[in-house]
Amino acid sequence: MAYSDKVIDHYQNPKNVGTLDKSKQNVGTGLVGAPECGDVMRLQIEVDEASGLIMDAKFKTFGCGSAIASSSLATEWLKGKTVDQALAIDNMDIVEELNLPPVKIHCSVLAEDAIKAAINDYRVKNGMPELVEEKAH
Amino acid sequence: MTDYFELYDLPLSFNPDAALVKKKFYELSRLYHPDRFIQAGNAQQQEALRMAALNNAAYKTLTNSDATMAYILKQQGLMEEEQKYSLPASFLGEMMDLNELVSEYETDPHNSALRDDAENSIEAELKAWQMSVDALLKTADGKATEKTLLTKVKDYYFRRKYLLRIKERIATFAAPE
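Within every chain, residues take consecutive numbers counted from 1 along the sequence as written. Each chain takes a letter, starting from A, and each ligand takes a number, starting from 1, following the order in which they are written. Only residues with pLDDT of at least 70 are given local features in this predicted model, and only at 80 or more are side-chain atom pairs given and counted; all residues enter the totals for whole chains, interfaces and linings. Excluding hydrogens and water, the side-chain figures rest on all heavy atoms present in the structure.

Student: Just checking my understanding: could you explain the overall build of chain A for this structure?
Tutor: Helix and strand labels come from DSSP, where a helix needs a run of H or I of at least four residues and a strand needs a run of E of at least two; each type is numbered from the N terminus. Counting secondary structure elements, chain A contains five helices and three strands. Ordered by position from the N terminus, the helices and strands of chain A form the series α-β-β-β-α-α-α-α. Taking 2.2 N^0.38 as the reference for a compact globule, 137 residues should give roughly 14 Å; the C-alpha atoms of chain A span a radius of gyration of 14 Å, in line with that estimate. Along the first, second and third principal axes, the C-alpha atoms of chain A reach 45 × 30 × 25 Å. Here a residue-residue contact requires only that any non-hydrogen atoms of the pair lie within 4.5 Å. Of all intrachain contacts in chain A linking residues separated by at least 6 positions in sequence, the fraction that spans at least 24 positions is 62%. About 6,300 Å² of surface is accessible on chain A, with carbon and sulfur atoms providing 52% of the total. Mean positive and mean negative side-chain charge positions of chain A (14 and 21 charges, respectively) differ by 5 Å. The globule rule used for comparison is 2.2 Å times the number of residues to the exponent 0.38, while the radius of gyration itself is calculated over C-alpha atoms. Surface accessibility in these figures is a Shrake-Rupley result with a 1.4 Å probe; residues are shielded only by whichever protein chains are displayed. For the purpose of charge, His is not counted, nor are the chain termini; Lys and Arg are scored as positive and Asp and Glu as negative. The location of each charge is read from NZ of Lys, CZ of Arg, CG of Asp or CD of Glu.

Here it is as structure tokens:
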């Protein structure tokens, strides 16, 4: 199966690989896995409390090229967004941008789940109720 | 589709009796052997072929404990494709750490201490997995359709996927001794 150039670029030069201090109040950590293939993905956001904007995002993914590219792209998109805007990121946006083939759509779903998990962690840490997933993939 | 356990006339079990499985496989192989249907009509030949294929599939599944586990979970409706399954964050965290350990070794493949650490960690996890599953399955037989138990089995089934994935990673770049 051929990967798109964008996937290969994110895979070879992943953006924002790393770790944020998860003990910090303004850092949300999402840890998700794809049981079918054994992929694990950690995605973190750091929110600027004054502006409410996501000022940094980092990820670490152990998985296939598409999973790495999806999470790399997600961290790029997250930076500069408000938490609410971040919530609106849909896995199909990732599919479109990376031109993922149908068999790799679950990688984009994983990235979306990681974003939502990171936001929920941030919300719970800051006294907001956890959001319940409204759409079934 | 005919159930493999029904086909072999065996009770539903995660550990089907290996000798009985083999016996039944040979028995059905003879019964549906194409040579016996040379004189038969087309419909009968097709049916024999279908049964022979089913027999092969059943044997292949029931002689592999992993495949048997997946088969039972699927038959009992626990493996619907759209059904998402998430393991506890603590487990995913452990898998993250193990993967990081393997990455460390990957950047320094001739460091035998790192290799031993990575290999021993994953072997220990797999051994612990096997022990928990054996203990669980011992209580499972005879009631292999009970929902709460099946859910636990499913949990183990997926945990193993992560472990095997890490083991595979080590194998792909492990430097020869």
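Student: I would appreciate a short explanation of the packing of helix H2 (residues 65-78) of chain A against helix H5 (residues 105-125) of chain A in the present structure.
Tutor: Each pair of packed helices can be described by the angle between their axes along with the distance between the axes. All names here are of chain A. Where helices are involved, their axes are fitted lines through C-alpha atoms of the stretch in contact, as for all axes, and angles between N-to-C directions lie from 0 to 180°. Running from amino to carboxyl end, H2 crosses H5 at an angle of 40°, the nearest separation of the two axes being 8 Å. Between H2 and H5, the crossing angle belongs to the class labelled oblique. As H2 runs across H5, the sense of the crossing is right-handed. Residue-level contacts link Ser66, Ala67, Ser70, Ser71, Ala74 and Leu78 of H2 to Cys107, Ser108, Ala111 and Ile115 of H5. Geometric relationships in this document are graded by angle, where less than 35 degrees denotes roughly parallel, more than 145 denotes roughly antiparallel, 65 to 115 denotes roughly perpendicular, and other angles denote oblique. Should the near helix be turned anticlockwise from the far one by less than a right angle, the crossing is termed left-handed; should it be turned clockwise, right-handed.

Student: Whenever I open this one, the pattern of salt bridges confuses me. Can you help?
Tutor: For side chains bearing opposite charge, pairing can occur when the charged atoms are close. All names here are of chain B. When a carboxyl oxygen of Asp or Glu is within 4 Å of a side-chain nitrogen of Lys or Arg, the pair counts as a salt bridge. For the structure shown, the criterion picks out 13 salt bridges over all chains. Across the salt bridge formed by Lys24 and Glu27, the nearest N and O atoms sit 3.4 Å from each other. With Lys24 and Glu27 both in helix H2 (residues 18-31), this residue pair falls three residues apart, about one helical turn. Relative accessible area serves as the criterion here: at 18%, Lys24 is assigned to the buried category. Residue burial is assigned from relative accessible area. The probe radius is 1.4 Å, only protein chains are included, and a residue is buried under 20% of its type maximum, exposed over 50%, and partly exposed in between. Judged by its relative accessible area of 33%, Glu27 is partly exposed.

Student: Looking at this model, I keep getting lost on the confidence of the model for chain B. Mind explaining?
Tutor: Parts of the model with low pLDDT should not have their predicted coordinates read in detail. pLDDT is a per-residue confidence score from the predictor, ranging from 0 to 100. Of the residues in chain B, 92% have a pLDDT of 70 or more, and the chain-wide mean is 88. Predicted complex metrics record ipTM = 0.81 and pTM = 0.79.

Student: I'm lost on the nonpolar core in this one. Help?
Tutor: Here, nonpolar core refers to any group of buried Ala, Val, Leu, Ile, Met, Phe, Trp, Tyr and Cys residues whose side-chain atoms link them within 4.5 Å. Formed by 52 residues in total, the largest nonpolar core has its most connected members in Tyr8, Phe14, Met69, Met95 and Val153 of chain B. Among the elements of the structure, helix H1 (4-7), H2, helix H3 (42-62), helix H4 (65-75), helix H5 (89-107), helix H6 (112-140) and helix H7 (147-173) of chain B are those that each provide at least two residues to this core. Here the limits of each domain have been adopted from an automatic or database domain assignment. Taken domain by domain, the makeup of this core includes at least three residues from each of domain 1 (4-63) and domain 2 (89-174) of chain B. Counting 30 residues, the second-largest nonpolar core is a separate cluster that includes Val7, Ala67, Leu98 and Leu110 of chain A.

Student: Honestly, the domain arrangement of chain B in this entry has me stumped. Any pointers?
Tutor: When the parts come together, some accessible area is lost, and that loss is often what is quoted as the size of the interface. For chain B, the assigned domains read domain 1 (4-63) and domain 2 (89-174). In this structure, domain 1 of chain B and domain 2 of chain B have C-alpha centres spaced 34 Å apart.

Student: Teacher, can you tell me more about the layout of surface pockets here?
Tutor: With a probe scaled to a water molecule rolled over the atoms, the places where space remains empty come into view. Approximately 390 Å³ is the volume attributed to the second largest pocket. Along the wall of the second largest pocket there are 18 residues; nearest its centre are Thr61, Phe62, Gly63 and Ile68 of chain A together with Arg169 of chain B. Elements that contribute at least two residues to the lining of the second largest pocket include exactly strand S3 (54-62) and H2 of chain A together with H5 and H7 of chain B. In terms of residue class, the lining of the second largest pocket is built from seven nonpolar, six polar and five charged. Here a cavity means grid points, on a 1 Å grid over the protein atoms only, where a 1.4 Å probe fits yet cannot get out; a pocket means an open set of points with protein on both sides within 12 Å along at least five of seven lines; lining residues are those with an atom within 4 Å of a point. Grid points are joined across faces, edges and corners, and a volume is the space filled by probe spheres set on the points. Residues were grouped as follows: Ala, Val, Leu, Ile, Met, Phe, Trp, Tyr, Cys and Pro as nonpolar; Asp, Glu, Lys and Arg as charged; and all remaining residues, including Gly, as polar.

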